Amino acid sequence: MKIEKILFICLVLVLIPLNIAFAHRVIIFAWVEDGMIYSESSFGSKRKAKDCTIMVENEKGFIIHKGQTDPEGNHSFKIPKNIDSDLILTLVAGTGHQAQWKISIDELVAKPSDKDIPTIMGKKENLEKSPSILKILTGIAIIFILAMAAKFLKRKKS
Amino acid sequence: MHISEGVLSGPVLATGAVIALAGTYIGLKKIDYDHIVHVAILASAFFVASLIHVNIGPASVHLILNGIVGLLLGFAAIPAILTALLLQAVFFQYGGLTTLGVNVVVMAVPAVLAHYLFLPLLGKSSTLTFTAGFLAGLFSILFSSILLGLALWFTNQNFFETSLVIITAYIPVMIIEGIVTGFCVAFLLKVYPEIIPVKKK
């Protein structure tokens, strides 16, 4: 049991500094504005996903656009003609990172109002938030509570 | 490696959920009382691994650790990975709740296979132990990326090119994960052999 405690403490000690420094995920965020599709790709809020491949497919899986992100992680293109389905943007950010974003057909054909843009940006900021240390510790605590519950139930059974 | 919501078709999501549920049931049945804490520790490591990204050059890499989780836990890896993925989805919006079943299958099935393929090699010699760990880590990511590609391909055959690009992008992770798993297994075998199931036999 002693080594389990040591392993658990090691896990917590390792995750605290690393979380502050590095915890983030790959994100692609896209929206429609003035007949264009704009996308922003990043690893969290600070590190932009530059020179990454973006593939755009329709619901039938046909690739209708392929491009690269610029040094700021941005990529934009004109809405292709004759679109009749939702579009799926896949960001392939190398070394095992990929993320998707779906743009519905309604969004493609509707004209966005001025109110839509702040809402969209709010969504983006929410996505870019790094995982908080409190949430990570809560997650680990839940795993151990479940393990203790399983131990209790198994003991009761036997 | 998490598949986001809204990408996969209904039948693929349903199949993933059914396989994940069946696997979880078997996994829960197979967890023995004395190893519940090991399951919790490895589930926690898996839960945290995806959150820690290390910048290497222009790229950003994170571990997945399904290889070592599977190697050490066998079928018990399925409920461990399910719990970790569920918490990642709820707390950090990694993947999603509708894709949870598919994500569990993608990451846990290769883990369980790694257990049966590479566990017999552990403990025979230090070189063989490291090699088994390396292969378990590498194989798990390779097979997971193939399953991820298949999930996209079953959704639509035209996703083939995307699937291939995704599998290719995972090659560096396979090698890194293999090395990390190799070292971890060799270290655990020295300091805490009880965690390796083969040592109990």
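Residues numbered from 1 in each chain as written. Chains lettered and ligands numbered in written order. Predicted model: local features only at pLDDT ≥ 70, side-chain atom pairs only at ≥ 80, totals over all residues. Heavy atoms only, no water.

### Quick look at the overall build of chain B
- A count of helices and strands for chain B gives nine helices and two strands.
- Beginning at the N terminus, the succession of helices and strands in chain B can be written as α-α-β-β-α-α-α-α-α-α-α.
- On chain B, roughly 7700 Å² of surface is accessible, and the fraction owed to carbon and sulfur atoms is 75%.
- Charge-centre separation for chain B: the mean point of 7 positive side chains lies 15 Å from the mean point of 6 negative side chains. (Helix = DSSP H or I, 4+ residues; strand = E, 2+ residues; numbered from the N terminus. Areas by Shrake-Rupley, 256 points an atom, 1.4 Å probe, with all protein chains shown as cover. Lys, Arg positive; Asp, Glu negative; His and termini not counted. Charge placed at Lys NZ, Arg CZ, Asp CG, Glu CD.)

### Considering the overall build of chain A
- When you go through chain A residue by residue, the secondary structure sums to four helices and eight strands.
- Overall, chain A shows an N-to-C arrangement of helices and strands of α-β-β-β-β-β-β-β-β-α-α-α.
- Pairs at least 24 residues apart make up 55% of the contacts formed inside chain A by residues separated by at least 6 positions.
- Of the roughly 9000 Å² of accessible surface on chain A, 61% is carried by carbon and sulfur atoms. (Contact = heavy atoms within 4.5 Å.)

### Describing a nonpolar patch on the surface
Residues and elements named next belong to chain B.
- On the surface, Leu 142, Ile 146, Leu 150, Trp 153, Phe 154, Phe 160 and Leu 164 cluster together to form a nonpolar patch covering roughly 610 Å² of accessible area.
- Here the nonpolar patch gets five residues from one element, more than from any other, and that element is helix 6 (residues 126–155).
- Examined against the element boundaries, Ile 146 turns out to sit in helix 6. (Patch = residues over 30% accessible without salt bridge, like charges linked within 9 Å, V, L, I, M, F, W, Y side chains within 5 Å. Salt bridge = Lys/Arg side-chain N within 4 Å of Asp/Glu carboxyl O.)

### Some thoughts on the packing of helix 1 (residues 10–30) of chain B against helix 5 (residues 100–118) of chain B
Residue and element names in this part refer to chain B.
- Two elements in contact, helix 1 and helix 5, have axes whose closest approach is 8 Å; the angle formed by their N-to-C orientations is 45°. With respect to helix 5, the axis of helix 1 lies oblique. Remark: the crossing between helix 1 and helix 5 carries left-handed chirality. Listed contacts from helix 5 to Val 12, Leu 13, Gly 16, Ala 17, Ile 19, Ala 20 and Lys 30 of helix 1 are Gly 101, Val 102, Val 104, Val 105 and Tyr 116.
- Of the residues belonging to the contact of helix 1 with helix 5, the class tally is nine nonpolar, two polar and one charged. (Axes fitted to C-alpha atoms, helices over the stretch in contact; angles between N-to-C directions. Parallel < 35°, antiparallel > 145°, perpendicular 65-115°, else oblique. Left-handed = near helix turned anticlockwise from the far one by under 90°. Nonpolar A, V, L, I, M, F, W, Y, C, P; charged D, E, K, R; others polar.)

### Some thoughts on unusual backbone geometry
- Unlike most non-glycine residues, Asp 51 of chain A shows phi in positive territory, near 55°.
- The exposed category is assigned to Asp 51 of chain A, whose relative accessible area is 53%.
- Phi is positive for Leu 65 of chain B, close to 70°, though the residue is something other than glycine.
- Tracing the chain through its elements places Leu 65 of chain B in the loop between strand 2 (59–62) and helix 3 (66–73). (Buried < 20%, exposed > 50% of the residue type's maximum accessible area, 1.4 Å probe, protein only.)

### Some remarks on the pairing of strand 1 (residues 26–33) of chain A
All names here are of chain A.
- Where burial is concerned, most of strand 1 is hidden: seven out of the eight residues are buried.
- Where strand 1 and strand 2 (residues 36–43) come together, eight bridges link them in antiparallel fashion. Each residue of the ladder has a partner; that of Phe 29, found in strand 2, is Glu 40.
- Here strand 1 hands over to strand 2 after two residues, with Asp 34 in that stretch at a positive phi of 50°. (Pairing = 2+ DSSP bridges.)

### Overview of the side chain of Thr 69 of chain A
All names here are of chain A.
- Structurally, the position occupied by Thr 69 is in the loop between strand 5 (63–68) and strand 6 (74–78).
- Engagement of the side chain of Thr 69 in a polar contact is seen with the backbone oxygen of Ala 49, the distance being 2.7 Å.
- In this structure the side chain of Thr 69 is engaged in a polar contact, spanning 3.0 Å, whose partner is the backbone nitrogen of Asp 51.
- For Thr 69, the contacting residues outside a window of four places in its chain are Ser 41, Ala 49, Lys 50, Asp 51, Cys 52, Ile 54, Asn 74, His 75 and Leu 91. (Polar contact = N/O pair within 3.5 Å; in protein donor to acceptor, adjacent residues only side chain to side chain.)

### Examining the packing of helix 2 (residues 36–49) of chain B against helix 3 of chain B
Residue and element names in this part refer to chain B.
- Following both chains from N to C, one finds helix 2 and helix 3 inclined at 170°, their axes separated by 10 Å at the closest point. Here helix 3 runs roughly antiparallel to helix 2, going by the angle between their axes. Contacts between helix 2 and helix 3 pair His 38, Val 39, Leu 42 and Phe 46 from the former with Asn 66, Val 69, Leu 72 and Leu 73 from the latter.
- Partitioned by chemical class, the residues of the contact of helix 2 with helix 3 number six nonpolar, two polar and no charged.

### Observations regarding the pattern of salt bridges
Residues and elements named next belong to chain A.
- Considering all chains together, one arrives at one salt bridge over all chains under this definition.
- The salt bridge involving Asp 86 is made with Lys 102; its shortest N-O contact spans 3.9 Å. You can see Asp 86 sitting in the loop between strand 6 and strand 7 (87–92) and its partner Lys 102 sitting in strand 8 (residues 98–103), a full 16 residues away along the chain.
- The exposure class assigned to Lys 102 is partly exposed, which follows from its relative accessible area of 33%.

### Let's talk about the sheet that holds strand 8 of chain A
All names here are of chain A.
- Spatially, four strands are ordered 5-4-7-8 in an open sheet, and the strand pairing comes out antiparallel. Strands at the two margins of the open sheet, each flanked by one partner only, are strand 5 and strand 8. Sheet twist, expressed as the average angle between the axes of neighbouring strands with direction ignored, equals 15°.
- The pairing of strand 4 (residues 53–58) with strand 7 spans six bridges and is classified as antiparallel.

### Things to note about the nonpolar core
- Judged by nonpolar contacts, the single largest core of 77 residues is most densely connected at Phe 47, Ile 81, Tyr 170 and Ile 196 of chain B.
- Counting residues in hydrophobic clusters, the runner-up holds 21 residues, among them Val 32, Ile 37, Ala 99 and Ile 103 of chain A. (Core = buried A, V, L, I, M, F, W, Y, C linked by side-chain atoms within 4.5 Å.)

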